[in-house]
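# Observations on the model geometry
Below, each chain spelled out in residue letters.
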Amino acid sequence: MTAPARIETLFDPYALRAEFPILKREINGKPLVYLDNAASAQKPEAVIEAVADVWRHSYANVHRGLHTLANEATEAFEASRAKVARFLGAARPQEIVFTKGATEAINLVAASIGETLVEGDEIILSQMEHHSNIVPWHFLRERKGVVIKWVPVTEDGALDLDAYEALFTPRTRFVSLVHMSNVLGTVNPARRLTQIAHAHGVPILFDGTQAAVHLPLDMREIGCDFYAFTGHKLYGPNGVGALYAAGDWLERMAPWQGGGEMIAEVSETGVVYADPPHKFEAGTPVIAEVIGLGAAIDWVQALDRAGVMAHERALLDRVEAGLSEIKGLRLFGRAQDKGAIASFTIEGAHPHDLAQIMDKYGVAVRAGHHCAHPLMQRYGVSGTVRASFAAYNTAEEADAFLEALRKSITFLI
Ligand SMILES: *Cc1c(COP(=O)(O)O)cnc(C)c1O
């Protein structure tokens, strides 16, 4: 009874799947249907090989070696920085700091900017932020008396732009917003949001953890001051991410963590810091993972990204059409501009129970608050079920997900 499953787009997810060894797995005797991509994406052979290759052939600590292996590792490490810079459309590789993820990137900015703030200074966040872009700012509220103001989210799951603009006062010091929501899929108008912040003389950071996966990015087009993303959601290794800081921000900012690699000179009486970006990279970094992130970026950039976007959009449309026929289903996130994430609740069925039963059918989805408590509070729910799509997902999988969901519901209701 299911319609022919292939979706007619120029991009072929079936060929792509062959590059992902894990997608051949079975779960509970069923083919794996992996729809937890917004939490972490699976890795193609190119990334697995790049990481293994460092450990097998070119591993040594970076930056201070005088021997061949150290030089090779350093060269590959710094080549990764150039790849990240090109990927983001940054002006220079020196604008890129490697971190252990988006979380660390945002903590770095909050801690460093926080040192310049005083009681009563204001920061603007939104109700759709991930905890990574909330808690570091709560630290400043607790420790400095900084005031957090919240951009409201509309019923459809968009930012209320008029309300955003009305939040600015002479005390506003920083804006930090998600580019694409990990719960709603909403893609926020980054360029417009930046223009409004800059019109008030306020710098802006975007949490680009989801956006970096699904959208082409150009920092100079967006015009933002900071941008954070994470490797493991971009088909890359975990434990690595990056912070983009425009222009001379890194020169002007105080360093965050102290240690080796971030100094030019240390004496009993003082420190001379290294030039940015190294000033913000204390200690031995994750070396193979940084190089693996470069490989992931190469891999992503070799895709037909417009084709992938159309494909993911078609998967979302297919899933949303199926979901709309399910009784008692509430879909969160109906914004105009939306990526391939479907979050929903079903009356009378707990999200955790649904996810656990769906696993019996080999379908991996996430259920819970998705690290977005304020958003859950906004909608008056404790959690949702979330299916999130990647380039390698297929129409058959969208259908298998809907089928597993329907069966799970009959178990529970
Ligand atoms: C996953 C995610 C984060 C956190 O990323 P880490 O890799 O855990 O640092 C932050 N923001 C959004 C929107 C996310 O989806």
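Residues numbered from 1 in each chain as written. Predicted model: local features only at pLDDT ≥ 70, side-chain atom pairs only at ≥ 80, totals over all residues. Heavy atoms only, no water.

### Some thoughts on the side chain of serine 132
- Within the secondary structure, serine 132 is located in the loop between β5 (122-126) and α5 (135-144).
- By relative accessible area, serine 132 is classed as buried at 11%.
- At a separation of 3.0 Å, a polar atom in the side chain of serine 132 contacts the side chain of threonine 103.
- Excluding anything up to four places from it in sequence, serine 132 contacts Thr103 and Ile106. (Helix = DSSP H or I, 4+ residues; strand = E, 2+ residues; numbered from the N terminus. Buried < 20%, exposed > 50% of the residue type's maximum accessible area, 1.4 Å probe, protein only. Polar contact = N/O pair within 3.5 Å; in protein donor to acceptor, adjacent residues only side chain to side chain. Contact = heavy atoms within 4.5 Å.)

### Digging into the environment of valine 135
- For valine 135, the location among the structural elements is in helix α5.
- Overall, valine 135 belongs to the partly exposed group, its relative accessible area being 37%.
- Sequence separation between valine 135 and asparagine 393 is 258 residues; the distance between their C-alpha atoms is 33 Å.

### Some points on the packing of helix α13 (residues 351-360) against helix α15 (residues 395-412)
- Two elements in contact, α13 and α15, have axes whose closest approach is 9 Å; the angle formed by their N-to-C orientations is 120 degrees. By the angle between their axes, α13 is oblique relative to α15. The hand of the α13/α15 crossing is right-handed. Residues Asp353, Leu354, Ile357 and Met358 of α13 lie in contact with α15, whose contacting residues are Phe401, Ala404, Leu405, Ser408, Ile409, Phe411 and Leu412. (Axes fitted to C-alpha atoms, helices over the stretch in contact; angles between N-to-C directions. Parallel < 35°, antiparallel > 145°, perpendicular 65-115°, else oblique. Left-handed = near helix turned anticlockwise from the far one by under 90°.)

### Observations concerning the site of the ligand
- Near the ligand there are 13 residues, and of these Thr103, Asp207, Gln210, Thr230 and Lys233 occur at the shortest range.
- One of the side-chain N or O atoms of threonine 103 is found 2.6 Å from an oxygen atom in the ligand.
- With respect to the ligand, the side chain of histidine 232 contributes an N or O atom lying 2.8 Å from an oxygen atom.
- Among the detected pockets, the ligand sits in the largest pocket.
- A per-class count over the shell around the ligand returns two nonpolar, nine polar and two charged. (Near = heavy atom within 4 Å. 1 Å grid on protein atoms, 1.4 Å probe; cavity = no way out; pocket = protein on both sides within 12 Å on 5 of 7 lines; lining within 4 Å. Sits in = over half its atoms within 2 Å of the grid points. Nonpolar A, V, L, I, M, F, W, Y, C, P; charged D, E, K, R; others polar.)

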